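Inside the fold
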Amino acid sequence: MEAALSVIIGFMILGALYAIHARDLLSAVIAGGIVGYGLVICFLLLQAPDLAIVQIVVETITLIIMVAVVLDSSREERYSKPDKQAYLNAVTGILILIVLFYFLKAAAGTLDHFGEGTLRMAGPYIEGAHEKTGSVNLVTGVIFDFRGYDTLGEATVLVTAVLGVLTILRLKGKK
Amino acid sequence: MKGMTVIVKKTTQLMAGLIFIYGIYIILHGHLTPGGGFAGGVIIAGSYILLILAYGSDFLNLVREESGSTMYENLAILIIILMACSGLIFGTKIFFFNWLPRGTAGELLSAGMLPLYNIFIGMEVAASILTIFLALVIFKERSRK
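Below or above, wherever it landed, is the structure these notes cover.

Cut-offs and rules
- Residues numbered from 1 in each chain as written.
- Chains lettered and ligands numbered in written order.
- Predicted model: local features only at pLDDT ≥ 70, side-chain atom pairs only at ≥ 80, totals over all residues.
- Helix = DSSP H or I, 4+ residues; strand = E, 2+ residues; numbered from the N terminus.
- Rg over C-alpha atoms; globule rule 2.2 N^0.38 Å.
- Buried ≥ 20, exposed ≤ 12 C-beta atoms within 10 Å, placed from the backbone.
- Contact = placed C-beta atoms within 7 Å.
- Axes fitted to C-alpha atoms, helices over the stretch in contact; angles between N-to-C directions.
- Parallel < 35°, antiparallel > 145°, perpendicular 65-115°, else oblique.
- Nonpolar A, V, L, I, M, F, W, Y, C, P; charged D, E, K, R; others polar.
- Core = buried A, V, L, I, M, F, W, Y, C linked by C-beta atoms within 7 Å.
- Expected span 1.5 Å × (residues − 1).
- Bend = angle between axes of the 7 residues up to and from the residue.

**A closer look at the overall build of chain A**
If you tally the helices and strands in chain A, you get 7 helices and 0 strands. For chain A, the sequential pattern of α-helices and β-strands runs α-α-α-α-α-α-α. Since a compact globule built from 175 residues should have a radius of gyration of about 16 Å, the 22 Å found for chain A marks it as more spread out than a globular shape. Judged by the C-alpha coordinates and their principal axes, chain A covers about 60 × 50 × 30 Å. Taken across its 175 residues, chain A has 14% of its residues classed as buried. Long-range pairs, those at least 24 residues apart, make up 41% of the contacts in chain A with a sequence separation of at least 6.

In structure tokens:
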């Protein structure tokens, strides 16, 4: 299974790289879709159908909105010559990359093997969720009962996002 | 935004209701099968977005629709907070306490408050995603004039 995952993640990386370099914005958006749909297959391989359903639906709607936006505006990416600031940014990025790789290499030895280590709270959740919440689907039992605060936070984030979008678009529309 | 051809309109007319009912199924069976409020809510919003894209913005009165979806979104999050607070009144006084009877596991009416949370989270997600989409469409229509 790890080989299949590696192949899919490789495709996702290729799609992301192509999305950065494509001149045509429509093909960049579609190449960005590879990342999302590859993630769906990863979730299915790792036996997480709840996440896979959410990811495939959200990815489809995001892709539709992005394609509609790109078709309506200009499809060509505006290209400008790199100036002094761009070189500074590139050097900073490479330095941060080196530091991150150093610490990743230092930390990689202490991590658990892939798919084996579990969190301390995972055991009680898996054993007690069915009796304590009465829900057959364990994920729903966790996100609405044990982790109710998290769900409330997510819903509040959505409401805040909608308020922000409405505020920004109204102000510009009134002008 | 202009509508699409007759073929797309007819297919959308046939499919949108099925997609809507599938979203309701995902929400109502959230405590039995994979899925739940978030997935079902986004599917329901998708059926509306499909209709708007196929028929164009002249078909529906979008501004009225947007005010309606904003109202439903705020009502749903209010009801979720009230239901969470109801755990402070009944039973052992805990926020998000599941005080309704559990029933037999595996039936549609079981697991206490969880189906109710699923329904209102689904309403909230569907209304908020539809509101964002409508806000973008209305902004575009207005800026063109």
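**Focus on the packing of helix α5 (residues 122-133) of chain A against helix α6 (residues 138-146) of chain A**
For any two helices packed against each other, the geometry is given by the interaxial angle and the distance between the axes. All names here are of chain A. Where α5 meets α6, the axes come as close as 10 Å, and the angle between the chain directions of the two elements is 75°. It follows from the interaxial angle that α5 and α6 lie roughly perpendicular. Between α5 and α6, the contacting residues are Tyr125, Ile126, Ala129 and Thr133 on the first element and Leu138, Gly141, Val142, Asp145 and Phe146 on the second. Its residues placed into classes, the contact of α5 with α6 shows 6 nonpolar, 2 polar and 1 charged.

**Examining the interface of chain B and chain A**
Taken together, the contact between chain B and chain A spans 41 residues of the former and 31 residues of the latter. A total of 15 residues in the side of chain B that touches chain A trace back to one element, the largest contributor, which is helix α4 (residues 114-144) of chain B. Across the side of chain B that touches chain A, the residue classes break down as 22 nonpolar, 15 polar and 4 charged.

**A word on the nonpolar core**
With 46 residues, the main nonpolar core has Ala39, Val42, Ala45, Ile80, Ala126, Ile129 and Leu130 of chain B as its most contacted residues. If you tally residues by element for this core, the top one is α4 of chain B, at 16 residues. Excluding its chain neighbours within four sequence positions, the residues that come into contact with isoleucine 80 of chain B are Leu152 and Ala155 of chain A together with Tyr117, Phe120, Ile121 and Glu124 of chain B.

**Regarding the environment of glycine 68 of chain B**
Residue and element names in this part refer to chain B. Note that glycine 68 resides in helix α3 (residues 62-86). Residue classification places glycine 68 among the partly exposed residues on the basis of 15 C-beta atoms within 10 Å. Placed 39 residues apart in sequence, glycine 68 and glutamate 107 show a C-alpha to C-alpha distance of 33 Å.

**Points about unusual backbone geometry**
Notably, glutamine 47 of chain A is not glycine yet its phi reads approximately 60°, a positive angle. Locating glutamine 47 of chain A in the fold gives a position in the loop between α2 (25-45) and α3 (49-72).

**A look at helix α1 (residues 6-28) of chain B**
Residue and element names in this part refer to chain B. Here α1 is 23 residues long and its end C-alpha atoms lie 34 Å apart, about the 33 Å a rise of 1.5 Å per residue gives. Considering bend angle alone, the principal kink of α1 is centred on methionine 15 and spans about 30°. On its buried face, α1 is in contact with α2 (37-55) and α4.

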